[in-house]
Amino acid sequence: MIETIRRLLARLPSRSHGFSSSEDSGTAGEGASPSDEGDLPTNFNSDSPILHPKQDEVGIDPFARAIARSIARADASAGLVYAINGVWGAGKSSAVNLVLHHLGDDVREGRISVAAFNPWWFSTPESLTMAFFAELGVTVGKSLDRQAREALAKVGSRLSAAGPFLGGLASIAATPAAGAAVAGGANLLEWMSRLDTTVEKEHRKLSDALRNSGTRYLVVLDDIDRLGTDEALQVFKLVKSAGRLPNVVYLLAYDRTLADKMVAERFPSEGASYLEKVVQGAFDLPLPSSETLDRQIVRTVEKVMGGPPDDKHTRFVNLFHDIVSPVLRTPRDAVRLGNAIEVTWPAVGSDVDRADFLALEALRLFRPEVYRTIRSNGPMLVGRHSERDRNQEETRRRYDAIFLDIVPGADRTFVEHALRRLFPRLDAVWGNLWHDGWNESRRDRLVCSPEHFSTYFTFAIPDGAISMAESQALVDGVGTPGATAARLRAGLDQRGIRGGTRTALLIAELIDRASDVRDEDVPGLLREIFAAADDLNVEQNVARGFLSHETNEIRLYRLTRALLIDRMPVEQRSGLVRDAAPAAALEWLATLSSGYGAVRNARGTERDRGIENVVDDETTDWLLELSRDRLRGATVDGSLEAHPNIVSLLYRWRDRTDSDEVRAWTSRRLEAEGFVVSLARGAVQESWSYAMGMFGSLGDRVARRSFHRNNRSLGTILDVDAMDRRVAELLDDELVGGEDRATLERYRTAPDQSADEM
């Protein structure tokens, strides 16, 4: 019969439709078999063994049915021992429960009696032995006569080294004499030891009774591999020796590899042959196919995270098959990952990409050393790879040492592919391939985006960052007149994640999501941006330092390009800009027209970077003329003199007319104290720089601030000598104090940078 079941199992399909299980909750009790679907648990992510074939989603039920058929029909006249072998999490306890389910009719009709013994409840070999025979007494002894029950009790007492145990075996013996002894306080084991007999004689007496009982007894011992070495070996000894009785069938469940290690630890010479002497029928639990486990976790993903949208489907599948699928080995793995995302996803689900999040959760659970290395080395992974390193081979060795040498050689390819899927920057390190499209990584909140990397590991967005809900509200509000400008202005009073205000972050979010703005909302958004630009270009949002000097004005310029350049032809773009320009803020109009003019003028020269202009040449000329007229008008209504960036605007005016016109106006205005202070403030330039650490020095970790002015450039918009005299006069005036005096003093002491250019 054992060989017959082997042949049956060999013909079972390696894949099925099904679900998983685990070993943590033990096995079903005697006759356990839910009789209708209403009794079945519906949470397939529960880390508990299944009880019914309808819950099987990984195809172990045919395996269990075949074993149950053998248990019911095999010749057990000398006893039988079956074993279900499987790694941790493969579903051994579920297989045991399904075996019991398929034996349900035999149990209910009295042909089989079941005892489910949990050996891991007992901490020592002695207590385990006592409990083992106690369980036999409850299950087997109740159908035997008094002499057979006494024989069973005596076998247990002789094999146990537990010492005095008052009353502990009352349920085993279950005889009036034993009961009286216990009731009188006598030691039960002493009472047994006084009986002048041998274990062999009592074993024969018990065997004869069982052989003639007409009932088959099934003893289930699950989770043997969870025991300590001594306890596990004690179980095998009991089953091999005294436990081998007629019509008594054992169903063991354990990890064969772990069990062999336990045997080898105590009996090095025995090896695998030890268990072969104990077990007559050992069957490896069929593992589900990778496709089955994939389907299981995908169902959880769809339930918890929702399916990926069509435009992200390909990327989701790429990450799933290169990162998630390879680490799912057992049904419990799929359950663990499903349970993890049920807990972690709701915390940040709207602020991360589902494919990246699922992949990182899989690494966190099943490749923790890789996950920790990613978390600790974000700057090496996010954003762009620096432009083609001078020593690319050295860069590759450095990345290999940090990210690949932490895993065994067989896993290096998996880890490299996983990292390249998550962080495209690494294609430049390991594949000599450079990527564009970084705006999309920020828009989609991928882990490779510097702005969103930390969210994946802290399960929360940083204070001051833009959540996806806020981002969506920003995009949705574009169609409401005035809403976007109001949000951007409100951000000026809120602190961002890297200092400055949240307005810079809001503008950056609009840049990343420009494609989500509806075509019909673009004209109104442009008008709002053009009108509010000067108010939004605040000092707090200037990014300073080495290779970095971005202002909100530059960000708004990038936003207008993102809204227009890929969306419509140049004629339509030009029309929208012409519509928004008349109400544009003064400096914004001047800066924007200068930018368009620079792109136009660079065309066909060595300064041509191949950038497509937003507007046509005719509109560029029109904007330059409009900004010139607006600047001239600002000298009349006082708005130019009051503008915080007056010096910058004077240069724009000069570029559209000539120096004489501008110098004539500034010379007339030098008599006004406030005008001089405004000029002094704008004429002094602030710069930030880093010492590079050459010739043995360590260099700077933070930027240094310095002030200077350029008299040659200033001379094109004002009379520098006259300006210097007016500054000196005002500094001699004791009534000039506070911030005005500090501004004038800074102008007076600022070195002339043009002198260094001579």
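Our subject is the structure listed above.
Source: prediction; values computed, not measured. (Residues numbered from 1 in each chain as written. Predicted model: local features only at pLDDT ≥ 70, side-chain atom pairs only at ≥ 80, totals over all residues. Heavy atoms only, no water.)

J.: Explain the sheet that holds strand 3 (residues 216–221) to me, please; I cannot follow it from the model alone.
T.: Pairing between the strands of a sheet is mediated by backbone hydrogen bonds and can be parallel or antiparallel. One open sheet accounts for 5 strands, arranged 2-3-4-1-5; its pairing is parallel. Both outer strands of the open sheet, strand 2 (112–117) and strand 5 (281–284), are each paired with one neighbouring strand and no more. The mean inter-strand angle of the sheet, taken between neighbouring strand axes irrespective of direction, is 15°. The sheet contact formed by strand 1 (residues 80–85) and strand 5 spans 4 bridges and is parallel. (Pairing = 2+ DSSP bridges. Helix = DSSP H or I, 4+ residues; strand = E, 2+ residues; numbered from the N terminus. Axes fitted to C-alpha atoms, helices over the stretch in contact; angles between N-to-C directions.)

J.: Teacher, can you tell me more about the environment of D444 here?
T.: If you trace the backbone, D444 turns up in the loop between helix 22 (438–443) and helix 23 (455–458). For D444, a relative accessible area of 18% gives the class buried. Separated by 132 residues in sequence, D444 and K312 place their C-alpha atoms 9.5 Å apart. Ignoring any residue separated from it by four or fewer positions in sequence, one finds D444 in contact with K312 and D353. Within the local environment of D444, its side chain forms a polar contact with the side chain of R443, the two groups lying 3.0 Å apart. (Buried < 20%, exposed > 50% of the residue type's maximum accessible area, 1.4 Å probe, protein only. Contact = heavy atoms within 4.5 Å. Polar contact = N/O pair within 3.5 Å; in protein donor to acceptor, adjacent residues only side chain to side chain.)

J.: Please explain the pairing of strand 1 as it appears in this structure.
T.: Both faces of the sheet carry side chains from a regular strand, because those side chains alternate between them. The buried fraction of strand 1 amounts to 6 of the 6 residues, a majority that puts the element mostly inside the structure. Alternating positions in strand 1 separate into two faces, L80, Y82 and I84 on one and V81, A83 and N85 on the other, with burial throughout. Here strand 1 runs beside strand 4 (residues 248–254); their pairing, made up of 6 bridges, is parallel. Residue pairing across strands places A83 opposite L252, the latter belonging to strand 4.

J.: Explanation requested: unusual backbone geometry in the structure shown.
T.: Keep in mind that most residues, glycine aside, have a negative phi and that most peptide bonds are trans. You will see that R445, though not glycine, has its phi angle at about 60°, which is positive. Note on placement: R445 falls in the loop between helix 22 and helix 23. A relative accessible area of 2% means that R445 is categorised as buried.

J.: Looking at this structure, how should I read helix 11 (residues 229–240)?
T.: Side chains three or four residues apart in an α-helix point the same way, a direct result of the helix having 3.6 residues per turn. A rise of 1.5 Å per residue sets the reference length of helix 11, with its 12 residues, at 16 Å; its end C-alpha atoms lie 16 Å apart and thus fit the reference within 8%. Across the 12 residues that make up helix 11, a large majority, 9, are buried. Those residues of helix 11 lying buried are T229, E231, A232, L233, Q234, V235, F236, L238 and V239. (Expected span 1.5 Å × (residues − 1).)

J.: Would you mind showing me how to read the nonpolar core here?
T.: The nonpolar side chains of a soluble globular protein tend to be buried with one another. Among the nonpolar cores identified, the biggest contains 52 residues, and L337, L358, L363, I374, L422 and F423 are the most heavily contacted of them. The dominant element in this core, judged by the number of residues it contributes, is helix 17 (residues 354–366), at 9 residues. In this structure, L363 is in contact with I323, P368, V370, Y371, I374, F414 and L422, ignoring residues within four places of it in sequence. Counting residues in each nonpolar core, the second largest holds 40 residues, with A514, L559, A584 and V614 among its members. (Core = buried A, V, L, I, M, F, W, Y, C linked by side-chain atoms within 4.5 Å.)

J.: Help me understand the packing of helix 35 (residues 673–683) against helix 38 (residues 738–749), please; the structure alone is not making it clear to me.
T.: Between two packed helices, the angle of one axis relative to the other and the distance separating the axes together describe the packing. Contact geometry of helix 35 with helix 38 gives a least axis separation of 9 Å together with a crossing angle of 55°. With respect to each other, helix 35 and helix 38 are oriented oblique. At the point where helix 35 passes helix 38, the crossing takes the left-handed sense. On helix 38, the residues that touch E673, V676, V677, A680, R681 and A683 of helix 35 are D740, T743, L744 and Y747. (Parallel < 35°, antiparallel > 145°, perpendicular 65-115°, else oblique. Left-handed = near helix turned anticlockwise from the far one by under 90°.)

J.: Could you clarify how one ought to interpret the pattern of salt bridges in this entry?
T.: Once the charged atoms of two side chains with opposite charge are near each other, the side chains can pair. Enumeration over the complete set of coordinates arrives at 37 salt bridges. Salt bridges linked by common partners bring D106, E109 and R111 together as one network. (Salt bridge = Lys/Arg side-chain N within 4 Å of Asp/Glu carboxyl O.)

J.: Please clarify how the side chain of N710 should be interpreted in this entry.
T.: Locating N710 in the fold gives a position in the loop between strand 7 (704–708) and helix 36 (711–714). For N710, a relative accessible area of 10% translates into the label buried. At a separation of 3.1 Å, a polar atom in the side chain of N710 contacts the main-chain amide nitrogen of S713.

J.: Mind showing me how you'd approach the packing of helix 15 (residues 313–327) against helix 20 (residues 412–422) here?
T.: Closest axis-to-axis distance for the helix 15/helix 20 pair is 10 Å, and the angle between their directions is 150°. The angle between the axes of helix 15 and helix 20 places the two elements in the roughly antiparallel class. In the crossing of helix 15 with helix 20, the sense of the turn from one axis to the other is left-handed. Note on element contacts: helix 20 touches helix 15 through F414, A418, R421 and L422, opposite R315, N318, L319, D322, I323, P326 and V327. Per-class residue counts for the contact of helix 15 with helix 20 are 7 nonpolar, 1 polar and 3 charged. (Nonpolar A, V, L, I, M, F, W, Y, C, P; charged D, E, K, R; others polar.)

J.: When you look at the packing of aromatic side chains in this model, what are you seeing that I'm missing?
T.: One pair of aromatic rings is described through two measures. These are the centre distance and the angle between the planes. This model, assessed by the stated rule, comprises 14 aromatic pairs. Centre to centre, the rings of F316 and F320 are 6.2 Å apart; their planes meet at 20°, and the pair counts as stacked. Of the two residues, F316 and F320 are both situated in helix 15; the distance of 4 residues between them amounts to about one turn of the helix. Neither residue differs from the other here; F316 and F320 are each classed as buried. Arranged with centres 4.8 Å apart and planes meeting at 40°, the rings of F453 and F457 form a pair that is tilted. The exposure class assigned to F453 is buried, which follows from its relative accessible area of 11%. (Phe/Tyr/Trp six-rings, centres within 6.5 Å; stacked < 30°, edge-to-face > 60°.)

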